[in-house]
Amino acid sequence: MSAVAFCNSIIDDAKVRSAVKRLTLVNFRNYKYLRLNLKKPFIVLGGENGSGKTNVLEAVSFLSQGRGLRNAKLAEVKTFDFLAKQQSSPVFINNSGWAVSAQVEKFDEEFNIGTAVESVLKEFDYNETKEVERRIVQINNQKLSSQNELGNYLSIIWVTPQMDRLFQGGAQLRRSFLDRIVYAFDVEHARRISAYDNLYRQWLQILKSGNINTSWLEALEEQMSGIGVAIAAARREQVQKLNTFIEQNPDDTFPDALLALDGTIETMLDEKPAIYVEDYYRESLFNQRRNILFNDAGNNLNKTDLCVIYKKKNVPAALCSTGEQKSLLLNIILAQAKSLLCSRGMPSILLLDEVAAHLDEMKRDAFLAKIQNLQLQAWLTTTDLSEFVSFRDISQFFEVKDNTVKEVSLSF
Ligand SMILES: Nc1ncnc2c1ncn2[C@@H]1O[C@H](COP(=O)(O)OP(=O)(O)OP(=O)(O)O)[C@@H](O)[C@H]1O
Ligand SMILES: [Mg+2]
């Protein structure tokens, strides 16, 4: 069976499903307590601006590795008491932090994911100890050693209004977007990135301290070059895979995207063996030692940019219209979700925050129909529930108001 036929046979299998069946929030943003029981593939949250729709999606995004769909700091997620108006800064309701818990169904398996914030004592240099907050994660009440392991259980993909600027903003946005895609296929990627950041911080600290320990620097550079090249190789491999997937599964609604990487290391890997590139990486770090003291910009060896091209028109996404950019983004998201299902057997949960913006009705409905065909759970937000009328049979509608979320039955 060809790869494409194999993929379609998986997708046609009606059993494919992964869903949050129950979601509980405690002290999460505007919700002191919230519990939702979910029964349908589409969870549609309707409400006025600022009512708390995105906050619910953000809670679900914390069932995966990282800082959630808003890239938030842990402390800002905890419920503030906005009624304490006399105070110059918001007051936390209590000190217990926030928590999200979910009962999840994946194929015939059920498990519970919990995440919360805990305070731990962390040792810094010079024997200084400070209390810091960190996010802990549990599966079936067993603490995981690292958040990164969540990727073995669940894949969560999101589209947010902020991503409308994905092709216009700085490279950092696109790099994070790409790294989440890589992570969805290769859970080790997140570990590599955090290990690299950690080594880089140590390297910088030694250089800036003035107390230069050459052998320690060399040891760090050796490790950074190995991990740095592995990061570039993983990004490169994923982009190639996604391009092949898009090539083999052209979309009938959205323009097919072509992805490319603009990065020194990735480009070098096109022509040279990894071992040669690692040597180059190490030498570059060595040469940067002196510059780094005068220039805070730091090393940019892994500061790769993701370039997206509207394939048929051969135009970079940054030059495309707003609607075209959104369509290209959705083309990539659909390819990611579909290929994750085919190559990793991993059904994603989709968080689609105001996804209808910039799409005409035909495209919006075509997009939702594709998700429906993929048998995926989607969380959707809107200020107008009637946008989802064509999908009412597979949707559960909720009204978001007064810091709570109530199921409603709609008579369209
Ligand atoms: N830590 C917090 N504690 C309490 N409330 C918070 C906290 N952080 C944000 N909020 C509240 O959440 C509200 C925003 O919620 P959210 O972004 O989910 O709204 P929304 O329904 O998605 O709105 P829009 O339609 O404009 O996107 C803010 O108005 C703010 O009052
Ligand atoms: Mg919102």
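The following refers to the structure shown. Since the model is a prediction, treat every value here as computed from it, not as a measurement. (Residues numbered from 1 in each chain as written. Chains lettered and ligands numbered in written order. Predicted model: local features only at pLDDT ≥ 70, side-chain atom pairs only at ≥ 80, totals over all residues.)

Counting residues in hydrophobic clusters, the biggest one holds 98 residues, and the most contacted among them are Val44, Val60, Leu63, Leu350, Leu351, Trp379 and Leu380. Among the elements that take part in this core, helix H6 (residues 214–248) stands out by supplying 10 residues, more than any other. Leu351 has contacts with Leu57, Val60, Ser61, Leu69, Ile156, Trp158 and Trp379, leaving out every residue within four places of it along the chain. (Core = buried A, V, L, I, M, F, W, Y, C linked by C-beta atoms within 7 Å. Buried ≥ 20, exposed ≤ 12 C-beta atoms within 10 Å, placed from the backbone. Helix = DSSP H or I, 4+ residues; strand = E, 2+ residues; numbered from the N terminus. Contact = placed C-beta atoms within 7 Å.)

Within strand S10 (residues 155–159), 5 of the 5 residues are buried, which leaves it mostly tucked inside the rest of the structure. Burial along S10 is two-sided: the residues Ser155, Ile157 and Val159 and Ile156 and Trp158 are all buried. Inspection of the sheet shows S10 paired to strand S14 (residues 348–352) by 5 bridges, in the parallel sense. Residue pairing for S14: Ile157 is matched across the bridge by Leu350. (Pairing = 2+ DSSP bridges.)

To continue, consider helix H5 (residues 188–209). In this model H5 runs 32 Å from its N-terminal to its C-terminal C-alpha over 22 residues, within 8% of the 32 Å that 1.5 Å per residue would give. Of the residues making up H5, those classed as buried are His189, Ala190, Arg192, Ile193 and Trp203. The buried side chains of H5 occupy one side of the element, clustering within an arc of 155° when seen end-on. Those residues of H5 that are exposed and aimed more than 90 degrees away from the buried face are Arg201, Gln205 and Ser209. Next to the buried residues of H5 lie helix H4 (171–185) and H6. Just downstream of H5 lies Gly210, where phi reads positive at about 80°. (Expected span 1.5 Å × (residues − 1). Arc of directions from axis to C-beta.)

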